[in-house]
Amino acid sequence: MILDSLQNAPKYYGLHPNFKKAFDYVNQNDIANLEEGAFEIGEGLKLIVIVGQGNTKEEAVKGFECHDKNIDIQISIKGPETFAWKPREKCVNPNGDYNDERDVRFFHDAPDTFFEMQEKQFAILFPEDVHTAMIGEGTLKKIVIKVKI
């Protein structure tokens, strides 16, 4: 997992061929005014705009998840937003089977740590990062860019 500010995004372009394209989209668009929904923004890149009320830690951990086919780049637009995290190799209590269509596996495990992401910060979450987000108060807005592996 990586947590950083948008101004430092170029440091991570070499980690995946589509990271530069994903961050170029962010830099070339008014992300604060994107409408809620899911959009294809390039080959192997899907943008999801989420607006919702923040959850408690207890409620959010019910959606403790990871992915096999995508890397998440999550960017806070209106926050702060708290995340829960745990390395996948330490998760031992699956919550159902892997859903191939949605590329998601859920866990009942407790997070190892919580961290707060401020506006204009991003987290890159790899398949080995079990996570949940949208923890906070009031209305939160974020974008998630799914980068196909």
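To be clear, the structure that these remarks concern was listed above.
Description of the structure in this document. (Residues numbered from 1 in each chain as written. Predicted model: local features only at pLDDT ≥ 70, side-chain atom pairs only at ≥ 80, totals over all residues. Heavy atoms only, no water.)

Let us look at the packing of aromatic side chains. Two aromatic rings, taken as a pair, are described by how far apart their centres are and by the angle between their planes. For the coordinates displayed, the defined rule picks out 4 aromatic pairs. Arranged with centres 5.9 Å apart and planes meeting at 80°, the rings of Y12 and F122 form a pair that is edge-to-face. Remark: F122 occurs in strand 9 (residues 121-125) and Y12 occurs in the loop between strand 1 (2-5) and helix 1 (19-28); sequence separation between them is 110 residues. Judged by relative accessible area, Y12 falls into the buried class, the value being 16%. (Phe/Tyr/Trp six-rings, centres within 6.5 Å; stacked < 30°, edge-to-face > 60°. Helix = DSSP H or I, 4+ residues; strand = E, 2+ residues; numbered from the N terminus. Buried < 20%, exposed > 50% of the residue type's maximum accessible area, 1.4 Å probe, protein only.)

The next point concerns helix 1. Those residues of helix 1 not exposed but buried are F19, A22, F23 and V26. All buried residues of helix 1 project into a common sector of 90° when viewed along the axis, lining one side. For helix 1, the exposed residues set more than 90 degrees away from the buried face come down to K21 and Q28. Considering only its buried residues, helix 1 is in contact with strand 3 (45-53), strand 5 (70-78), strand 9 and strand 11 (139-148). (Arc of directions from axis to C-beta. Contact = heavy atoms within 4.5 Å.)

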